[in-house]
There are 4 protein chains.
Amino acid sequence: MPKILIIYQSKTGNTKAMAEAVEKGVRKEGVEVVIKKIEDTHVDDLLAPDGIIIGSPTYFAATTAEIKRLIDDSIKHFKKLEGKVGAAFASSGGLGGGCETAILDILRAFLVHGMIVPGFLSGGHYGPVSVGAPNQERKEVCTAFGAKIALLVKRLSAK
Amino acid sequence: MPKILIIYQSKTGNTKAMAEAVEKGVRKEGVEVVIKKIEDTHVDDLLAPDGIIIGSPTYFAATTAEIKRLIDDSIKHFKKLEGKVGAAFASSGGLGGGCETAILDILRAFLVHGMIVPGFLSGGHYGPVSVGAPNQERKEVCTAFGAKIALLVKRLSAK
Amino acid sequence: MPKILIIYQSKTGNTKAMAEAVEKGVRKEGVEVVIKKIEDTHVDDLLAPDGIIIGSPTYFAATTAEIKRLIDDSIKHFKKLEGKVGAAFASSGGLGGGCETAILDILRAFLVHGMIVPGFLSGGHYGPVSVGAPNQERKEVCTAFGAKIALLVKRLSAK
Amino acid sequence: MPKILIIYQSKTGNTKAMAEAVEKGVRKEGVEVVIKKIEDTHVDDLLAPDGIIIGSPTYFAATTAEIKRLIDDSIKHFKKLEGKVGAAFASSGGLGGGCETAILDILRAFLVHGMIVPGFLSGGHYGPVSVGAPNQERKEVCTAFGAKIALLVKRLSAK
């Protein structure tokens, strides 16, 4: 049975709320899902899942040092993540803006790992974004995003 | 039967040589392939294939105006390219450098279209790159890249 | 006396309105300014000014084919634009989003030309952005941006 | 008298060798320069200098978690770095590639700080790059880069 790991970093709770909405979408499609805070995530956690979704706050129009730490550590498993599905979402706070480049930072790392990255027609060009706390519409976008990734993971896992 | 369209732009013949090596890899996997120069490509050509591969020269560390023209025109088919596989490769000439950002320019457009973009473990982080004419090693990288995309297209097309 | 050239592309009038607000800011600082539509701009127009500002619509989260055409043509003057100040702003329409990556596309080209690119603390991380028609606040951001660039051009032109 | 701070991260010594060549170029122009390893750098060190140059290894085609840590911490001094000159250089190792996007990661943060970022006509589109240890030619590129930044800092510091 395919599995998805959602990793998020959240100080204000905004990215956490998005992560939980994404999780709901994944479950809807009957895919097993684990959700972890970045501080509870070990690089070895990246090995088992068929899909990895990272939710990041936006600092300086980029992903955070904490998430880049996990990405840098993942060199330990270079070539072992190939073919997994990767996706990302981001929230931004005070300064506004920069969510899209934050998401692209994460997607670039997934591509370097030889992972498979889907695009999205709504909610944010490269994945869901939210300025401040996600409202109901943003949560629905996150849930639809989670469902879409789950579907792709299922298609790619089918024999 | 799944189909792949390869579109390339080439003044010196370098990107053309890469495109032909990519085509060879696609054929190897038994996937139907059409190869077109950018000047012979119509935006409606994007509709039929299951996978679209674009090969670009690198001008100012970016893709070219001609390829951006095709991308801009593709708004006509927004939402109709969702779920197709997209990939790109690039050559650079005199100035050197910039191939990776040129490829990323194209991949970003594919993601906005809701397409599925795979990463690669060798030959270039986001797709094959060549400074000047591709040598034998670069051609082999291009062929392996074509084969890999063909395999992904087949997996995604299978019922 | 230092000169600034503002080039913009506008179908709906939104980028034009931003360009005119930028122009106002440049004039305020007593710097000579010429404002041109992209379709009236020749690559040789890039030679005389001390600062070049480009305003772009956002197509596929990127600058447009028309502006990339001007950038590609500017290879004719490679090495001759070194040390000029470069800045950019962008508007986005229907799809929303992508203004920041559109601006970065232009700034990357300016950097390849050896130009000098200032950042901004408000209105958009890399230059002013507007979703749809700029309101009064957005116009003021554009005017402040124009004034800031004019000041930098004056400082760099002083003996 | 204007000051430049060079910050670098180096495990293999390659980025350190580049940093020392950059330092030589800055000194040549008679600008005061301090050179610091990232692990010895405190975010408050960013306040005094007129120019900040960061040298980064390339991990996953991006700057490192350690340098992103410094960037994230620099929010403490948001608005206080405005108008300083910022530049970056990068080395890459085993995987090759990605230096340009690593440099762009740093330049984006400088732009968000309202800093002034110059481009370069040789040695790398956005700053010097080196695959592996810098050879004599690469060191000269780094020295020319340091001199160029020093000159810009002097011009901007002059009354």
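Up top is the structure.
Residues numbered from 1 in each chain as written. Chains lettered and ligands numbered in written order. Predicted model: local features only at pLDDT ≥ 70, side-chain atom pairs only at ≥ 80, totals over all residues. Heavy atoms only, no water.

A few words now on the overall build of chain A. From N to C terminus, chain A includes 4 helices and 6 strands. Mapped in sequence order, the helices and strands of chain A form the string β-α-β-β-α-β-α-β-β-α. Seen along its three principal axes, the alpha-carbon backbone of chain A occupies a region of about 45 × 30 × 25 Å. Within chain A, the proportion of its 159 residues that are buried is 64%. For chain A, long-range pairs separated by at least 24 residues make up 81% of all intrachain contacts whose partners lie at least 6 apart in sequence. (Helix = DSSP H or I, 4+ residues; strand = E, 2+ residues; numbered from the N terminus. Buried < 20%, exposed > 50% of the residue type's maximum accessible area, 1.4 Å probe, protein only. Contact = heavy atoms within 4.5 Å.)

Turning our eyes to something else, we now look at the packing of helix H2 (residues 65-73) of chain A against helix H2 (residues 65-73) of chain D. How two helices sit against one another is set out by the angle between their axes and by the gap between those axes. The N-to-C vectors of H2(A) and H2(D) enclose an angle of 180°; their axes lie 8 Å apart at closest approach. When the axes of H2(A) and H2(D) are compared, the pair comes out roughly antiparallel. Contacts from Ala65(A), Glu66(A), Lys68(A), Arg69(A) and Asp72(A) of H2(A) reach H2(D) at Ala65(D), Glu66(D), Lys68(D), Arg69(D) and Asp72(D). When the residues that make up the contact of H2(A) with H2(D) are grouped by side-chain class, the tally is 2 nonpolar, no polar and 8 charged. (Axes fitted to C-alpha atoms, helices over the stretch in contact; angles between N-to-C directions. Parallel < 35°, antiparallel > 145°, perpendicular 65-115°, else oblique. Nonpolar A, V, L, I, M, F, W, Y, C, P; charged D, E, K, R; others polar.)

A separate point is the pairing of strand E3 (residues 51-57) of chain A. Residues and elements named next belong to chain A. With 7 of its 7 residues buried, E3 lies for the most part within the structure. Covered by surrounding structure in E3 are Gly-51, Ile-53, Gly-55 and Pro-57 together with Ile-52, Ile-54 and Ser-56, the residues of both alternating faces. Pairing of E3 with strand E4 (residues 85-92) involves 7 bridges; the strand directions are parallel. Looking across to E4, one finds that Ile-53 is bridged to Ala-87. (Pairing = 2+ DSSP bridges.)

Glancing now at the packing of aromatic side chains. Counted according to the given criterion, the structure contains 8 aromatic pairs over all chains. Their ring planes at 55° and their centres at 4.8 Å tell us that Phe120(C) and Phe145(C) sit as a pair that is tilted. In this pair, Phe120(C) is assigned in the loop between strand E5 (116-118) and strand E6 (129-131) and Phe145(C) in helix H4 (residues 136-157), connecting sequence segments 25 residues apart. Taken individually, Phe120(C) and Phe145(C) each receive the classification buried, so the pair is uniform in this respect. A connected cluster of aromatic rings, assembled from ring pairs, spans Phe89(A), Phe120(A) and Phe145(A). (Phe/Tyr/Trp six-rings, centres within 6.5 Å; stacked < 30°, edge-to-face > 60°.)

Inspection of the entire model under this criterion finds 48 salt bridges over all chains. The partner of Arg108(A) in a salt bridge is Asp105(D), and the shortest N-O contact between them spans 3.2 Å. One end of the pair, Arg108(A), is in helix H3 (residues 99-112); the other, Asp105(D), is in helix H3 (residues 99-112), on a second chain. The pair Arg108(A) / Asp105(D) is uniform in exposure class, with both members buried. Taking the shortest distance from any N to any O, the salt bridge between Lys76(C) and Asp44(C) comes out at 2.9 Å. Note that Lys76(C) is positioned in the loop between helix H2 (65-73) and strand E4 (85-92) and Asp44(C) in the loop between strand E2 (32-37) and strand E3 (51-57), a separation of 32 residues in sequence. For Lys76(C), a relative accessible area of 49% corresponds to the partly exposed category. Look at the salt bridges and you will find they share partners, linking Asp105(A), Arg108(A), Asp105(D) and Arg108(D) into a network. (Salt bridge = Lys/Arg side-chain N within 4 Å of Asp/Glu carboxyl O.)

Take chain B, turn it by 180°, move it 0.0 Å along the axis, and it overlays chain C with an RMSD of 0.0 Å. Taken together, the turn and the small shift mark the pair as related by a two-fold rotation axis. Relative to the rotation axis, the C-alpha of Ala65(B) is the closest in chain B, positioned 2.5 Å from it. Same-surface contact between copies: 100% of interface residues of chain B are shared with the interface of chain C. (Least-squares fit on C-alpha atoms with pLDDT ≥ 70 in both.)

This part takes up the side chain of Glu23(D). All names here are of chain D. Considering the arrangement of structural elements, one finds Glu-23 in helix H1 (residues 14-28). One polar contact links Glu-23 to Arg-27, side chain to side chain, over a distance of 2.7 Å. For Glu-23, the residues in contact, after removing those within four places along its chain, are Ile-6, Val-33 and Ile-35. (Polar contact = N/O pair within 3.5 Å; in protein donor to acceptor, adjacent residues only side chain to side chain.)

Here the focus is the relation of the copies chain B and chain A. Taken as rigid bodies, chain B and chain A are interconverted by a rotation of 180° and an axial shift of 0.0 Å, the fit giving an RMSD of 0.0 Å. Same-surface contact between copies: 100% of interface residues of chain B are shared with the interface of chain A.

On to unusual backbone geometry. A positive phi angle, near 85°, is found at Lys79(A), a position not held by glycine. Within the element layout of this structure, Lys79(A) appears in the loop between H2 and E4.

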